[in-house]
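# Fold and geometry: a report
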Amino acid sequence: SHSEVPTSGLRTVNTMVTRRGPSISLSQRIGDKAKAALNANKPDNWNMGESSGDDFGYDFQVIAFDPGGDGAQCAFNIQLKGTTQKTAKLSDGSALSYPFDRTTLNLWHRSGFAVLVVIVDLIETQDPKKATVHYHFANYDLEDILPTLPNDQKTVRLHVPTSQLVHMDLDI
């Protein structure tokens, strides 16, 4: 049951509403699970830091170190997505498809940074410890896709092969 509390004699406030804190959205829950799955599967030789500030298409920066001890070998950005939508998986199961804003792809293309698109498959299980984590470098796709897009097209679906799994021993 809830009670009504007078406030300064002018109006009554429902205490059930006033005690409620902020809620978490479904997309935030999916994002949290995707982040947990990536962290659980990331290669040992990746030093991964979260991007600070607003998300403009980069969630993490990674420096990959040589497993043999030769130091840092490359750096790239990660755009992380999680999906629970069965329609994200191509009918033959060969890839996961995810829509990206054209403006984000333009930024990736112009920046010159390598961008690794990582999609966590939360379709069959939403347990981050069991979900599979897939990757694909988007840069080569952008060279082919962007020049051919109609001017009025706002989004582009990128395909991430399900055969390309992020795992602790991955050496890109």
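Above this text sits the structure in question.
Residues numbered from 1 in each chain as written. Predicted model: local features only at pLDDT ≥ 70, side-chain atom pairs only at ≥ 80, totals over all residues. Heavy atoms only, no water.

## Some details on the environment of K130
In plain terms, the rule: Each helix is a run of DSSP H or I of at least 4 residues and each strand a run of E of at least 2, with the numbering of both proceeding from the N terminus. Accessible area is worked out with a 1.4 Å probe on protein chains only. A residue is then buried under 20% of its type maximum, exposed over 50%, and partly exposed in between.
With respect to the helices, strands and loops of the structure, K130 is situated in the loop between β7 (115-121) and β8 (132-137). Judged by relative accessible area, which is 60%, K130 ranks as exposed. Separated by 89 residues in the primary sequence, K130 and N41 place their C-alpha atoms 10.0 Å from one another.

## Some words on the packing of aromatic side chains
We count it as follows: Ring geometry is summarised as follows: Phe, Tyr and Trp rings, the Trp one being its six-membered ring, pair when their centres sit within 6.5 Å, and such pairs are stacked at plane angles under 30 degrees, edge-to-face over 60 and tilted between the two.
A full pass over the atoms with the stated rule returns four aromatic pairs. Arranged with centres 5.5 Å apart and planes meeting at 50 degrees, the rings of Y98 and F100 form a pair that is tilted. Following the ring pairs from residue to residue traces out a cluster consisting of W46, F76 and F137.

## Remarks on the sheet that holds β7
What counts here: Paired strands are those between which DSSP finds at least two bridges. Axis lines are fitted through C-alpha atoms, for helices just across the contact stretch, and the angle between N-to-C directions can take any value from 0 to 180 degrees. The contact definition used throughout considers only heavy atoms, calling two residues in contact when any of these lie within 4.5 Å.
In spatial order, the strands read β3-β4-β5-β7-β8; together these five strands make up an open sheet with mixed pairing. Two strands lie at the open edges of the sheet, namely β3 (46-50) and β8, each paired on one side alone. Averaged over all neighbouring strand pairs, the angle between strand axes comes to 30 degrees, with direction disregarded. Bridge analysis of β7 against β8 gives six bridges, and the strand direction is antiparallel. Bridging across to β8, L116 finds its partner in F137. The strands touched by helix α2 (residues 26-41) within the sheet are β3, β4 (60-65), β5 (72-83), β7 and β8, with β5 carrying the most contacts at an inclination of about 145 degrees.

## Observations concerning helix α3 (residues 102-111)
Short version of the rule: This arc is built from the directions going out from the helix axis to the C-beta atoms.
Looking only at α3, the buried set comprises R102, T104, L105 and W108. The buried residues of α3 occupy an angular sector of 160 degrees when the element is viewed end-on, so they sit on one face. Exposed residues on α3 whose side chains face more than 90 degrees from its buried face are T103 and R110. Contact partners of the buried residues in α3: β5, β6 (95-101), β7, α4 (139-145) and β9 (155-161). Downstream of α3 by a residue or two, G112 has a phi angle that is positive, lying close to 85 degrees.

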